[in-house]
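Structure at a glance
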Amino acid sequence: MPLPAEHAVDLETGAVVGVTVQDADDGDTTTMAETLIAAADHLAAVAGTAGITEVVGDKGYHSNDTMVAFAEQGIRSYVSEPDRGRRHWTGKTAARHAVYANRRRIRGDRGQRLLRQRGELVERPHAHLYDTGGMRRVHLRGHANILKRLLVQVCGANLGLLMRQLTGVGTPRSLQDRAAVRVGSLIDLLSACWGHVRPSWATVRPDSPNSS
């Protein structure tokens, strides 16, 4: 049975700050709260932040309830809005205000930039974790065991970001390639130096013993 994973990614660093494993029949609008709570707890433990102030998401997370919940928590939402046609807001004043506020934000310059960043930085961990990381299929039983395995994978991806920030290399393969390039450059440099030294060395002959 497929158990989709849900991630919260920091748009400034690209690090995964929250991950949860959800049931296949749960909608994104209902699982988003659990993932954001996990992300807020992790950020508070690591960086000491008071909480999440802005959320960027795709249209699968848009609903009246989520927009109202964000507004009540003081969170600025930048969630893409699907085309639902003409809306009817009778008796839904709070939802109308929250939806319209989100709509104004995503149509602004900053909202458009954040949505582009989301498309880049959120999809990148998916490729590292599931495509090259081989996490598309896991043979484990139970949410808890799958989540443990996923957390180890996420820690490896975040460690790669940290190593890239510190050393400029984020994966062992990149380090190996860089070392090979440096060794090749050193060999080329030594060969060039030897090419300059060898002709002059060959023309210098010791004096003959019989010469006066």
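Residues numbered from 1 in each chain as written. Predicted model: local features only at pLDDT ≥ 70, side-chain atom pairs only at ≥ 80, totals over all residues. Heavy atoms only, no water.

Focus on the overall build of the protein
- On a plain count of helices and strands, the protein comes out with seven helices and four strands.
- In the protein, the succession of α and β elements from N to C terminus is β-β-α-β-α-β-α-α-α-α-α.
- For the protein, with 212 residues in total, the buried portion stands at 29%.
- Of all intrachain contacts in the protein linking residues separated by at least 6 positions in sequence, the fraction that spans at least 24 positions is 46%. (Helix = DSSP H or I, 4+ residues; strand = E, 2+ residues; numbered from the N terminus. Buried < 20%, exposed > 50% of the residue type's maximum accessible area, 1.4 Å probe, protein only. Contact = heavy atoms within 4.5 Å.)

A few points about the layout of surface pockets
- Looking at the largest pocket, its volume works out to about 1,100 Å³.
- Considering the residues around the largest pocket, the lining is formed by 39 residues, among which A8, V9, D10, L36 and V56 are closest to the centre.
- Residue assignment for the lining of the largest pocket shows that the elements contributing at least two residues are β1 (5-9), α1 (28-46), β3 (54-57), α4 (109-121) and α5 (123-131).
- For the lining of the largest pocket, the leading source of residues is α1, giving seven residues.
- Along the lines of polarity and charge, the residues of the lining of the largest pocket split into 17 nonpolar, ten polar and twelve charged. (1 Å grid on protein atoms, 1.4 Å probe; cavity = no way out; pocket = protein on both sides within 12 Å on 5 of 7 lines; lining within 4 Å. Points joined across faces, edges and corners; volume = space filled by probe spheres on them. Nonpolar A, V, L, I, M, F, W, Y, C, P; charged D, E, K, R; others polar.)

Section: the packing of aromatic side chains
- Under the defined criterion, the tally for this structure stands at one aromatic pair.
- Aromatic side chains W89 and Y100 sit 5.8 Å apart centroid to centroid with 80 degrees between the ring planes, which places their arrangement in the edge-to-face category. Linking W89 in the loop between β4 (76-79) and α3 (93-107) with Y100 in helix α3, this pair joins segments that are eleven residues apart in sequence.
- The class of W89 is buried, set by a relative accessible area of 12%.
- With relative accessibility at 30%, the residue Y100 sits in the partly exposed group.
- If you follow R105 out to its NZ or CZ, it ends over the ring of Y78, 5.9 Å from the centre. (Phe/Tyr/Trp six-rings, centres within 6.5 Å; stacked < 30°, edge-to-face > 60°. Lys NZ or Arg CZ within 6 Å of the ring centre and 35° of its normal.)

Description of the confidence of the model for the protein
- Of all residues in the protein, 75% have pLDDT values of 70 or greater, and the mean over the chain is 77.
- Predicted confidence in the protein is weakest over helix α7 (residues 172-203), with a mean pLDDT of 59, and strongest over α3, with 93. (pLDDT = per-residue confidence, 0-100.)

Looking at the nonpolar core
- The biggest cluster of nonpolar side chains holds 13 residues, and the ones touching the most others in it are M32, L36, V55, M67, F70 and V79.
- Every element with two or more residues in this core is listed here: α1, α2 (64-72) and α3.
- With near-sequence residues (within four places) excluded, V79 lies in contact with G57, D58, Y61, H62, M67, F70, N102 and I106. (Core = buried A, V, L, I, M, F, W, Y, C linked by side-chain atoms within 4.5 Å.)

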